[in-house]
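Now for the letters of each chain:
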Amino acid sequence: MKRPPGGLRLAWWDPAGRVGVVVLGLLGVAALLGPALLPDPLAQPDILGGALLGPGAGHPLGTDHLSRDVLARVVSGARISLAVAAGAVSLSVTLGALVGLAAGYLGGWLDAMLMRLVDAALAIPRLFLLLIMIAIMERIPIGVLVLTIGATGWFGTSRLVRAEVLRLRAMDFVRGAEALGASRRRIVFRYLLPNVAGPLAAATTLAVGDVILIEAGLSFLGLGVQPPTPSWGGMIFDAKPYIISAPWTSLAPGLAILLAVLSVNLVGEALARPLTRRNA
Amino acid sequence: MTPLLEVRDLRVTFPGTGNEVSPVDGVTFSIDAGETLALVGESGSGKTLTSLALVRLVPLPGRIAAGSSIRFGGTDLLALGPGALRQVRGRRIGMVFQDPMTSLNPVLTVGDQISETIRAHFPVSRAEARGRSEALLLEVGLGDTAGRYDTYPHQLSGGMRQRVMLAIALAAEPELLVADEPTSALDVTIQAQILALLDQLKSSRRMSVLLISHNLGVVAGRSDRVAVMYAGRIVEEAPTDRLFAAPAHPYTQGLLASLPRLRGPRRPLKAIPGMVPRPEAWPPGCRFHPRCAQVMPQCTSEPPIVAPGEGRWSRCWLGAEGA
Amino acid sequence: MPEPLLEVTNLAKHYPARGVFRRQPAVRAVDGVSFHVERGETLALVGESGSGKSSLARTILRLEEATGGVVRFEGQDVLGLDPRPLRALRRRMQIVFQDPSGALNPRMTVGDAVAEGIEIHRLLPTAEIPARVSGLLQEVGLTPEMAAVYPHELSGGQRQRVGIARALAVGPSFLVLDEPVSALDVSVQAQVLNLLLDLQRTRGLAYLFIAHDLAVVRQVAHRVAVLYLGQIVESGPTEEVLTHPRHPYTQALIASAPEPDPTVPVARLVLPGEPPDPSRPPSGCRFNPRCGHPARDARCLEESPPLRPLGPSTVACHHASMEAAEGVR
């Protein structure tokens, strides 16, 4: 069997992963270029006559109850959702990796303290934490939303990284580096981090899917991205009264969420596949 | 007298990029009742796959190619359905693998694992099975401590676990025992214990044994015949003392010359140059020829089987007519 | 007489008891080991599981901190060195590991791995490093083109050679070889052993060769020390120890070693019992539960025998005598 490539190229080599990469790519392109080519997602040209129109000429995905173009809103929402996901995951992965590295490599009381903190935080459901933090602030700017989601998402990653670091530390190649006289810094950056990157990348992509869903959920509850800024969750919230009468208003954002999360998961699983085989 | 096990032209194939590869490529051998055949080879020779193929445990996506024949006690094993196969696998052919750490179920007591095997093959009650398991534990040298039945694998050392593996393999009273590197993971002194146990069990139960190993020392005193595998094929087969005294195939000669020895005069080691080829890149003709000290022009075509009698043969152009 | 290159005196490495509920007991992995290695010679350390040989290797190099004892290398007190001079000392003593698959960083190319020591110690200007790496690769029997490949693309024997090249890159005078050929195929073992012998000749290296295979030891070692449960039970010139073993454990090791010669009778002396548990060493002589010596007595259970010279060897046994039991012929 041909050997799969290492690193991120694995996502392309793996057939399921490739599908995910393609779909994500399309979503990304749409998010970037779409708003320039589509009508203004906030415009309400004709509330009386143009609301809740089914898909047709001029409106490929129809209009919502305020006569706004659904496709334009979905694409705009993509920007928001993907940006929030990217921002929050970057934050949580960085935090998680730092804490995991410190705990795993330095050990001792620092390790014990950090892990007890993580244990305590993991005991509280994440949504709960988020709701509490959001309840404290009334209107949430998107930046704070990103920070909040990111700050509640690093616990699992830190455990994962710590476990990997502990495993790697005992391996001969790290001992060999120590025997050569490598400094701690060198060991962390050349020996530990590159070998943690694999499992970390897999966990990261899966986390992106999580965050998209969290953001959509929060927006659906009215607690995330605030109107009139389009967001997928918000669109579904708005479409609640029209689920039967104008299904495209909820189907479109729903499908978008599905596609985004599914494709991200396919990529994440493709990256994680060699790791599941490792213990053979 | 028909041999107990007859393997002919066994081929195991795996899909590769493009063409398929055959890590086991036309293996033929047989074992008589009560005989011990050693299958010797290094990694990449195909010896483990061969043993797995015998009981049809080849891991996917590998498969046993058409044209292979495995006959056990007269029955064609490759034609059996799953139910009939289960009658043979474990019952008439027992297997012991290399690594006792991962071969035992960590959540069952060792006694239960033996009993499980007994009850899978014989219609006996739990109590009866337990009784037999205790007897087996005694037979493999683990009966000294009462309550051994109820210990878990992690409470035992490597040597003890291997004894349990033997007990499980013997539980159904097989006629053939296949032991794949049974002592490679063990310390030398424990290895000696297990090999001695194996000898004793062999004679008390009159079993045939297929002993697979990379260690020529282990097979030297403990087998009747040796088959040497290289790159998916058997390149030489001979009665043990003949093989060691006068190896015919250059690979066998090279192996013996490269072994450090504890006894006899100390000589520099003569290493075989090069590396074992991978199945994707097997040389044409004789697969050993790029590394052979006695290579000749015709070695790039398929070498014939040379059988000078005395129950031995080798696959080599040396000594062949028309060489 | 010049000082030996490496002198180890009463080295001890104890792992403390851990865990509140699990109660992992304390393990005295290395418990009072003394030996020396001269320039350019090979001392083999032979032992099975529980002997403490790997802990010993790591402790000598200060990859783990010793619990007691003294290690002098090239006249310096290794265990007491500060970080800076220790780092400089690391250039002089290196290690090659057993398992080629875990010994190299999967994310570094062969060239990077070999160059690592040179970079860490800034031994050469950057521009000259590739040439040095090429030279080292060739010295260990690899081609310079291999500098660009990753470890997983190489065979076990090739990876082991890379490990050796990496250790040589910093110019050591002493190598600890921790079971360097145990994980290799038979035909590759001979290649690597011959390489090690060549390197010893051309570079004047001293080796501490840790192994469990006596035949391999005979091939490469000038002297041998046999370890059991953290202590040396017998040591001496290789041929002497192998032909005239005086400690019952050494005799058992030799008798258990499989010989690739069907005319040699199979081991008549099979050592009974299990490999020892270093967390619960027997009282008195640690070997006594498994010892088959005819003169074994109460003293063996109470008193741990000291190492005494006996002819050219030293032996730790109350009942060892000059007339040795069966060794190899």
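Residues numbered from 1 in each chain as written. Chains lettered and ligands numbered in written order. Predicted model: local features only at pLDDT ≥ 70, side-chain atom pairs only at ≥ 80, totals over all residues.

Engineer: Would you take a moment to explain the overall build of chain B for this structure?
Structural biologist: The number of helices and strands found in chain B is 10 helices and 13 strands. Over its C-alpha atoms chain B spans a radius of gyration of 21 Å, differing by no more than 12% from the 20 Å that the globule rule assigns to 323 residues. In terms of overall dimensions, chain B has a C-alpha envelope of 65 × 50 × 40 Å along the principal axes. Going through the 323 residues of chain B one by one, you find that 46% of them count as buried. For chain B, contacts bridging at least 24 residues in sequence account for 63% of all contacts bridging at least 6. (Helix = DSSP H or I, 4+ residues; strand = E, 2+ residues; numbered from the N terminus. Rg over C-alpha atoms; globule rule 2.2 N^0.38 Å. Buried ≥ 20, exposed ≤ 12 C-beta atoms within 10 Å, placed from the backbone. Contact = placed C-beta atoms within 7 Å.)

Engineer: Would you mind showing me how to read the overall build of chain A here?
Structural biologist: Per the secondary structure count, chain A includes 12 helices and 0 strands. For chain A, the α and β elements follow one another from N to C terminus as α-α-α-α-α-α-α-α-α-α-α-α. The 280 residues of chain A split such that 43% are buried. In chain A, of all internal contacts separated by at least 6 residues, the share reaching a separation of at least 24 is 70%.

Engineer: Before we go on, may I ask you to explain the sheet that holds strand E7 (residues 174-178) of chain C in this structure?
Structural biologist: For sheets, the rule is that strands pair by backbone hydrogen bonds, running either parallel or antiparallel. Residue and element names in this part refer to chain C. With respect to topology, 8 strands assemble into an open sheet ordered E6-E7-E8-E3-E9-E10-E12-E11, the strand pairing being mixed. One side of each edge strand has no neighbouring strand; the edge strands of this open sheet are strand E6 (93-96) and strand E11 (308-310). Neighbour-to-neighbour, the strand axes of this sheet turn through a mean angle of 20°, independent of strand direction. Across 2 bridges, the pairing between strand E10 (residues 231-237) and strand E12 (residues 313-315) is antiparallel. Residue pairing in the sheet places glutamate 234 in a bridge with valine 315 of E12. Against the sheet, helix H5 (residues 156-168) contacts E6 and E7, and its axis sits at roughly 170° relative to E6. (Pairing = 2+ DSSP bridges. Axes fitted to C-alpha atoms, helices over the stretch in contact; angles between N-to-C directions.)

Engineer: What exactly am I supposed to notice about the interface of chain C and chain B here?
Structural biologist: Frequently, the measure chosen for interface size is the accessible area that the parts lose on association. In this assembly, 37 residues from chain C lie in contact with 37 residues from chain B. When residues of the side of chain C that touches chain B are traced back to their parent elements, those giving at least two are helix H6 (186-203), helix H7 (214-220) and helix H9 (248-256) of chain C. Per-element accounting of the side of chain C that touches chain B gives the leading share, 6 residues, to H6 of chain C. When the residues that make up the side of chain C that touches chain B are grouped by side-chain class, the tally is 21 nonpolar, 9 polar and 7 charged. (Nonpolar A, V, L, I, M, F, W, Y, C, P; charged D, E, K, R; others polar.)

Engineer: Just to check I follow, could you spell out the domain arrangement of chain B for this structure?
Structural biologist: Residues and elements named next belong to chain B. Split by domain assignment, chain B resolves into domain 1 (1-92 + 174-193 + 201-285) and domain 2 (107-171). Domain 1 and domain 2 are separated by 28 Å when their C-alpha centres are compared. Counting from both sides, the interface comprises 10 residues of domain 1 and, opposite them, 9 residues of domain 2. The element best represented in the side of domain 1 that touches domain 2 is helix H7 (residues 188-205), accounting for 3 residues. (Domains from an automatic or database assignment.)

Engineer: Even after reading the chapter, I still don't get the nonpolar core, so can you show me in this structure?
Structural biologist: Note that soluble globular proteins tend to have their nonpolar side chains buried in a common cluster. With 249 residues, the main nonpolar core has Val211 of chain A, Ala167 of chain B together with Val46, Val114, Phe209, Val217 and Val226 of chain C as its most contacted residues. Looking at which element gives the most residues to this core, the answer is helix H4 (residues 70-106) of chain A, with 15 residues. Two domains share this core, each providing at least three of its residues, namely domain 1 (1-92 + 174-193 + 201-285) and domain 2 (107-171) of chain B. Each residue touching valine 211 of chain A, except ones within four places of it in the same chain, is listed here: Val84, Ala85, Ala88, Val89 and Ile149 of chain A. (Core = buried A, V, L, I, M, F, W, Y, C linked by C-beta atoms within 7 Å.)

Engineer: What is the right way to look at the sheet that holds strand E4 (residues 68-73) of chain C in this model?
Structural biologist: Here we have 4 strands laid out as an open sheet, ordered E2-E1-E4-E5 (chain C), and antiparallel in their pairing. A strand with exactly one partner marks an edge of an open sheet, and here the two such strands are strand E2 (27-37) and strand E5 (76-77) of chain C.

Engineer: Where do I start with the packing of H4 of chain A against helix H8 (residues 155-169) of chain A in this structure?
Structural biologist: What describes two packed helices is the angle between their axes and the distance between those same axes. All names here are of chain A. At a minimum axis separation of 7 Å, H4 and H8 run at an interaxial angle of 40°. In this structure, the crossing between H4 and H8 has a hand that is right-handed. Facing Ser92, Val93, Gly96, Ala97, Val99, Gly100, Leu101, Ala103, Gly104 and Tyr105 of H4, the residues of H8 in contact are Thr157, Ser158, Arg159, Leu160, Val161, Arg162, Val165, Leu166 and Arg169. Residues belonging to the contact of H4 with H8 are distributed by class as follows: 10 nonpolar, 6 polar and 3 charged. (Left-handed = near helix turned anticlockwise from the far one by under 90°.)

Engineer: Explain the confidence of the model for chain A to me, please; I cannot follow it from the model alone.
Structural biologist: Fine structural detail should not be taken from predicted coordinates in areas where pLDDT scores are low. Put simply, chain A has an average pLDDT of 83, and 94% of its residues get 70 or more. Mean pLDDT per element in chain A: helix H3 (residues 47-50) of chain A is the minimum at 70, and H8 of chain A is the maximum at 91. (pLDDT = per-residue confidence, 0-100.)

Engineer: For this particular structure, what's the right way to read the pairing of strand E12 (residues 305-309) of chain B?
Structural biologist: In regular strands, side chains alternate between the two faces of the sheet. Residue and element names in this part refer to chain B. In terms of burial, E12 is a largely surface element, 0 of the 5 residues being buried. Bridge count between E12 and strand E13 (residues 312-315): 3 bridges; the pairing is antiparallel. Counted as the bridge partner of valine 306 is serine 314 from E13. Hairpin remark: E12 followed by E13, antiparallel, with 2 residues in the connecting loop; positive phi at glutamate 310, about 60°.

Engineer: I would appreciate a short explanation of the environment of proline 230 of chain A in the present structure.
Structural biologist: All names here are of chain A. The topology assignment puts proline 230 in the loop between helix H10 (184-220) and helix H11 (232-238). Residue classification places proline 230 among the buried positions, given that 27 C-beta atoms sit within 10 Å. In this structure, proline 230 is in contact with Pro41, Arg73, Ser76, Gly77, Ile80 and Met235, ignoring residues within four places of it in sequence.

Engineer: Even after reading the chapter, I still don't get H10 of chain A, so can you show me in this structure?
Structural biologist: Since the α-helix turns once every 3.6 residues, residues separated by three or four places project in the same direction. All names here are of chain A. Spanning 37 residues, H10 covers only 47 Å between terminal C-alpha atoms, well under the ideal 54 Å at 1.5 Å per step. At leucine 193, H10 shows its maximal kink, close to 40°; a proline, proline 194, follows between one and four residues later. Glycine 222 sits one or two residues past H10 and shows a positive phi near 85°. (Expected span 1.5 Å × (residues − 1). Bend = angle between axes of the 7 residues up to and from the residue.)

Engineer: For this particular structure, what's the right way to read the packing of H4 of chain A against helix H7 (residues 142-151) of chain A?
Structural biologist: Residues and elements named next belong to chain A. Two elements in contact, H4 and H7, have axes separated by 7 Å at closest approach and are oriented at 40°. What the angle tells us is that H4 and H7 run oblique. As for the relative orientation of H4 and H7, their crossing is right-handed in sense. When H4 is examined against H7, the residues Val84, Gly87, Ala88, Leu91 and Ser92 are found in contact with a partner set consisting of Ile142, Leu145, Val146, Leu147, Ile149, Gly150 and Ala151. (Parallel < 35°, antiparallel > 145°, perpendicular 65-115°, else oblique.)

Engineer: Please explain helix H4 (residues 110-121) of chain B as it appears in this structure.
Structural biologist: Residues and elements named next belong to chain B. Between its first and last C-alpha atoms H4 spans 18 Å; for 12 residues at 1.5 Å apiece the expected length is 16 Å, and the two agree. Among all positions of H4, only Val110, Gly111, Ile114, Ser115, Thr117 and Ile118 are buried. Projection of H4 onto a plane perpendicular to its axis shows the buried side chains occupying an angular sector of 155°, all on one side. (Arc of directions from axis to C-beta.)

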